[in-house]
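Commentary on secondary and tertiary structure
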Amino acid sequence: ANLTLFIVGGVECLAVGWVYGADRFAADTLEMAKTKLPKALLWNYKLVVPALLAVLTVQAFVSTATSKVHFPPYAVALGWCLALASALPIPLLAIRPLCCPLPYASEGLTSPRERAGLVGKLAASLHRLSRSLSFGASSRGASSAPAPSGLPPELSTERADVELAAAREVR
């Protein structure tokens, strides 16, 4: 169990520190939480923690391989399958954006605030769609339905209205 935790933690640190970028992570944290991260923490994400987790992973693997307790082969195979089952989503989710781009990637949205705006537009669109598909909803009342509470009124966009019209045609 420790081996999988070390691998997952190391991959997360590498993803935040190197793939997403420690500077970008710090900028997003500053924008969302209004808190500036210390440089030492960013260096920990990039170098210190992945190195320590790599050492711990090797140590856990060696101690497992050189254990004096002998299990039947089927038990060892089952143990490895269970351990890898929790780590298998990592490469699969890493490959997914190469095959199927994320919805906001084509929009060119890079800041968390812009991505949150896209999510809000989708939520307003789904709200209008659910109101139009509910029992007893007239088509006239559904199109003039207000946005869900807490969402700004500018979330009713032409794109959402086009999607709503297309959903009505399917119905």
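Just above sits the structure.
Residues numbered from 1 in each chain as written. Predicted model: local features only at pLDDT ≥ 70, side-chain atom pairs only at ≥ 80, totals over all residues. Heavy atoms only, no water.

1. Some remarks on the overall build of the protein
What counts is decided by this rule: Strands are runs of DSSP state E lasting at least two residues, helices are runs of H or I lasting at least four, and both sets are numbered from the N terminus onward. Relative accessibility thresholds used throughout: buried, under 20% of the residue-type maximum; exposed, over 50%; partly exposed, between the two (1.4 Å probe, protein chains only). Residue contacts are counted whenever heavy atoms from the two residues lie within 4.5 Å of one another. With residues, only the protein chains shown are counted as cover, and all accessible areas are computed by Shrake-Rupley using a 1.4 Å probe.
Helices and strands together make up the secondary structure of the protein, namely seven helices and zero strands. When the helices and strands of the protein are read in sequence order from the N terminus, they spell out α-α-α-α-α-α-α. Residues classed as buried in the protein amount to 20% of the 171 residues present. A separation threshold of at least 6 residues defines the contact pool for the protein, and within that pool the share at least 24 residues apart is 68%. Of the accessible surface of the protein, which amounts to about 12,300 Å², a share of 69% is contributed by carbon and sulfur atoms.

2. What to know about the packing of helix α3 (residues 73-87) against helix α4 (residues 89-99)
Basically, it comes down to this: Orientation is described by axes fitted as lines to C-alpha atoms, over the contacting stretch for helices, and by angles from 0 to 180 degrees between their N-to-C directions. Roughly parallel here means an angle under 35 degrees, roughly antiparallel means over 145, roughly perpendicular means 65 to 115, and every remaining angle is called oblique. Gly is put with the polar residues, along with every residue not named as nonpolar or charged; the nonpolar set is Ala, Val, Leu, Ile, Met, Phe, Trp, Tyr, Cys and Pro, and the charged set is Asp, Glu, Lys and Arg.
Remark: α3 packs on α4, axes separated minimally by 5 Å, with the N-to-C direction vectors making an angle of 30 degrees. The angle between α3 and α4 falls in the class roughly parallel. For the pair α3 and α4, the contacting residues are Ala-85, Ser-86 and Ala-87 in the first and Pro-89, Ile-90 and Pro-91 in the second. Considering only residue class, the contact of α3 with α4 consists of five nonpolar, one polar and no charged.

3. Some words on the packing of helix α1 (residues 2-33) against helix α2 (residues 39-65)
Each pair of packed helices gets described by two things: the angle between the helix axes and the distance between those axes. The criterion, for reference: We call a crossing left-handed when the near helix sits turned anticlockwise from the far one by less than a right angle, and right-handed when that turn is clockwise.
Two elements in contact, α1 and α2, have axes separated by 8 Å at closest approach and are oriented at 160 degrees. In terms of orientation, α1 lies roughly antiparallel with respect to α2. Every pair of crossing elements has a handedness; the one defined by α1 and α2 is left-handed. Across the contact of α1 with α2, the residue classes tally to 19 nonpolar, four polar and three charged.

4. A closer look at a nonpolar patch on the surface
What counts here: A patch is a set of surface residues, each over 30% in relative accessible area and not in a salt bridge, joined within 9 Å for like charges and within 5 Å for the nonpolar side chains Val, Leu, Ile, Met, Phe, Trp and Tyr. Just to be clear on terms, a salt bridge is a Lys or Arg side-chain nitrogen sitting within 4 Å of an Asp or Glu carboxyl oxygen.
Together, Val-58, Phe-61, Val-62, Val-69, Phe-71, Val-76, Trp-80 and Leu-84 line one region of the surface with nonpolar side chains, adding up to about 760 Å² of accessible area. Residue position: Val-58 is located in helix α2.

5. So, unusual backbone geometry
The bulk of non-glycine residues show a negative phi, and the bulk of peptide bonds are trans. Of note in the backbone geometry, Lys-34 takes a positive phi value of approximately 55 degrees without being a glycine. Relative to the elements of secondary structure, Lys-34 occurs in the loop between α1 and α2.

6. Some thoughts on α1
As a reminder of what qualifies: By this rule, a helix spans an expected 1.5 Å times one less than how many residues it contains. Two axes enter the bend calculation: one fitted to the seven residues ending at the residue in question, the other to the seven starting there, and the bend is the angle between them.
The terminal C-alpha atoms of α1 lie 32 Å apart, and with 32 residues this falls more than 12% below the ideal 46 Å at 1.5 Å per residue. Approximately 95 degrees is the largest bend angle found in α1, and it occurs at Gly-21. Residues of α1 that are buried: Leu-3, Thr-4, Phe-6, Gly-9, Gly-10, Cys-13, Gly-17, Gly-21, Ala-22, Ala-26, Asp-28 and Thr-29. Lys-34, located one to two residues past α1, shows a positive phi value of around 55 degrees.

7. Describing the packing of aromatic side chains
Applicable threshold: Centre distance within 6.5 Å is the pairing criterion for rings of Phe, Tyr and Trp, where only the six-membered ring of Trp is used; planes under 30 degrees apart are then read as stacked, over 60 as edge-to-face, and the remainder as tilted. Only Lys NZ and Arg CZ are tested; either one counts as a charge over a ring when it is within 6 Å of the ring centre and within 35 degrees of the ring normal.
Evaluation of the coordinates by the stated rule reveals two aromatic pairs. With a centroid separation of 5.5 Å and 85 degrees between ring planes, the pair formed by Phe-25 and Tyr-45 is classed as edge-to-face. Here Tyr-45 lies in helix α2 and Phe-25 lies in helix α1, a separation of 20 residues in the sequence. Positioned over the ring face of Trp-18 is Lys-46, at 4.5 Å from the centre of the ring. The ring of Trp-43 has Lys-46 lying over it, and the distance from NZ or CZ to the ring centre is 5.5 Å.

8. A few points about the environment of Leu-5
Within the secondary structure, Leu-5 sits in helix α1. Note: C-alpha distance between Leu-5 and Leu-53 (48 residues apart in sequence) is 9.1 Å.

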